[in-house]
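# A structural walkthrough
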Amino acid sequence: MERNKVIVVVVDGMQYQAAVTQMGYLNHLVEKGKAARYLVQSELPSLSRPLYEVLLTGTPSSVNGITSNQAVRLSGQKSIFHLTKEHGLRNAAAAYYWVSELYNRAPFHYVEDRFQHDVEKAIQYGRFYFDDNYPDSHLIIDGEALRREVDPHFLYIHSMGVDNAGHLFGSDSKQYRGSVIAVDTILAQVLPIWMEEGYTIIVTSDHGMNTDGNHGGTGNDERNVPLYGIGPAFTAGVYEEAVPQLAVAPLICQLLGIPASEVMIRHSFPGV
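In this report, we go over the structure that sits alongside the text. (Residues numbered from 1 in each chain as written. Predicted model: local features only at pLDDT ≥ 70, side-chain atom pairs only at ≥ 80, totals over all residues. Heavy atoms only, no water.)

## Looking at helix α9 (residues 174-196)
Along an α-helix, residues three or four positions apart point the same way, because every turn accommodates 3.6 residues. Its 23 residues place the ends of α9 33 Å apart at the C-alpha level, agreeing with the 33 Å of an ideal helix rising 1.5 Å per residue. At Ala188, α9 shows its largest kink, close to 35 degrees, and the proline Pro192 lies no more than four residues downstream. Listed as buried for α9 are Tyr176, Ser179, Val180, Val183, Asp184, Ile186, Leu187, Val190, Leu191 and Trp194. In the stretch just after α9, Gly198 is the one whose phi turns positive, near 90 degrees. (Helix = DSSP H or I, 4+ residues; strand = E, 2+ residues; numbered from the N terminus. Expected span 1.5 Å × (residues − 1). Bend = angle between axes of the 7 residues up to and from the residue. Buried < 20%, exposed > 50% of the residue type's maximum accessible area, 1.4 Å probe, protein only.)

In structure tokens form, the structure reads like this:
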């Protein structure tokens, strides 16, 4: 039986409003009835490592214990990587090294863990970077190379360029807006390929960014992020009622055709 294949792209630090106004290609797909756009409210704290854990395990910080960016240890939860492996699916990730620290080994070894290939690990095939200014163009091609090489059922691609620009210049800056345009332009080159080959695709973010160049708090500019859904599972359109971020992991499981973990909180996505 042919198994479902899902690609999840996490654009780190991309607030909802920036995506709506700057992602020309993604919003073109929405306008032409080829994608759905959702408003997702991130969990708290609106920090990177805790929200990687939210997106991949569907559990909040009060449950999983990943309460800050300084929580450098393996996750104690069952992630989507674990679940795909358990159900006989291949997985791969091109991502920031904190993702490897959560699910494969902590702390990260810069030589040994940069490129990973071990089907016994939670993340079976990985290409991990550790500089915040690692180009999004290189990262997305890392992910595309993994897709072509190992044909994963679940591919996780996580870029850092938008977050880096936000920290350096703030969200109300030409540099931040330009970084969102840049990643949209890169995605415009690979999304048609993935769509043609029948993948279900999610493009989302972990958290947003405020005008000071920070995140971690409760403001809408820090918590509101987009989720674009592409594929026959999604009914195209704009859905403006906020969906909790804890619903993303069980949605991915649903799209893959595997059971969610027992602790994931089910929440219906409109139009799915």
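## Here we look at the packing of helix α3 (residues 48-57) against helix α11 (residues 248-256)
Following both chains from N to C, one finds α3 and α11 inclined at 35 degrees, their axes separated by 5 Å at the closest point. Between α3 and α11, the residues in contact are Val54, Leu55, Leu56 and Thr57 and Val248, Ala249 and Ile252, respectively. Counted by class, the contact of α3 with α11 contains six nonpolar, one polar and no charged residues. (Axes fitted to C-alpha atoms, helices over the stretch in contact; angles between N-to-C directions. Contact = heavy atoms within 4.5 Å. Nonpolar A, V, L, I, M, F, W, Y, C, P; charged D, E, K, R; others polar.)

## Focus on the packing of aromatic side chains
Within the structure shown, the criterion is met by 19 aromatic pairs. The rings of Tyr52, Tyr96, Tyr97, Trp98, Phe108, Tyr110, Phe128, Tyr129, Phe130 and Tyr134 are connected pair by pair, giving a single aromatic cluster. When the ring centre of Trp98 is taken as reference, the NZ or CZ atom of Arg49 above it lies at 4.3 Å. (Phe/Tyr/Trp six-rings, centres within 6.5 Å; stacked < 30°, edge-to-face > 60°. Lys NZ or Arg CZ within 6 Å of the ring centre and 35° of its normal.)

## Quick look at a nonpolar patch on the surface
Among the surface-exposed residues, Tyr110, Val111 and Phe130 lie close enough to one another that they form a single nonpolar patch of about 310 Å² accessible area. Note that Phe130 resides in the loop between β5 (125-129) and α7 (136-150). (Patch = residues over 30% accessible without salt bridge, like charges linked within 9 Å, V, L, I, M, F, W, Y side chains within 5 Å. Areas by Shrake-Rupley, 256 points an atom, 1.4 Å probe, with all protein chains shown as cover. Salt bridge = Lys/Arg side-chain N within 4 Å of Asp/Glu carboxyl O.)

## Quick look at unusual backbone geometry
Of the consecutive residues Leu44 and Pro45, the connecting peptide bond is found in the cis state with omega at -5 degrees. One can find Pro45 in the loop between β2 (36-41) and α3. Across the junction of Ala106 and Pro107, the peptide omega takes the value 0 degrees, indicating a cis bond. By the element assignment, Pro107 lies in the loop between α6 (97-103) and β4 (115-117).

## A look at the sheet that holds strand β6 (residues 154-159)
A sheet is described by the order of its strands in space; here nine strands give the open sequence β4-β5-β3-β6-β1-β7-β8-β2-β9, paired in mixed fashion. Two strands lie at the open edges of the sheet, namely β4 and β9 (237-244), each paired on one side alone. Averaged over all adjacent pairs, the angle separating strand axes in this sheet is 15 degrees, with direction ignored. Sheet topology places β4 next to β5; three bridges connect them, and they run antiparallel. (Pairing = 2+ DSSP bridges.)

## Some words on the pairing of β6
With six of six residues buried, β6 is to be regarded as a mostly interior element. Here strand β1 (residues 6-11) pairs with β6 via six bridges, running parallel. If you follow Val10 over to β6, its bridge partner there is His158. Bridge analysis of strand β3 (residues 91-96) against β6 gives four bridges, and the strand direction is parallel. When the bridges of β6 are listed, Ala94 appears paired with Ile157.

## Description of empty space enclosed by the protein
Using the criterion set out here, one finds one cavity of 30 Å³ or more in the structure. Estimates place the volume of the largest cavity at around 30 Å³. In this structure, the largest cavity is lined by Val8, Leu55, Tyr156, Ile202, Thr204, Val248 and Ile252. Mapped by element, the contributors of at least two residues to the lining of the largest cavity are β7 (200-204) and α11. In the lining of the largest cavity, the residues fall into six nonpolar, one polar and no charged. (1 Å grid on protein atoms, 1.4 Å probe; cavity = no way out; pocket = protein on both sides within 12 Å on 5 of 7 lines; lining within 4 Å. Points joined across faces, edges and corners; volume = space filled by probe spheres on them.)

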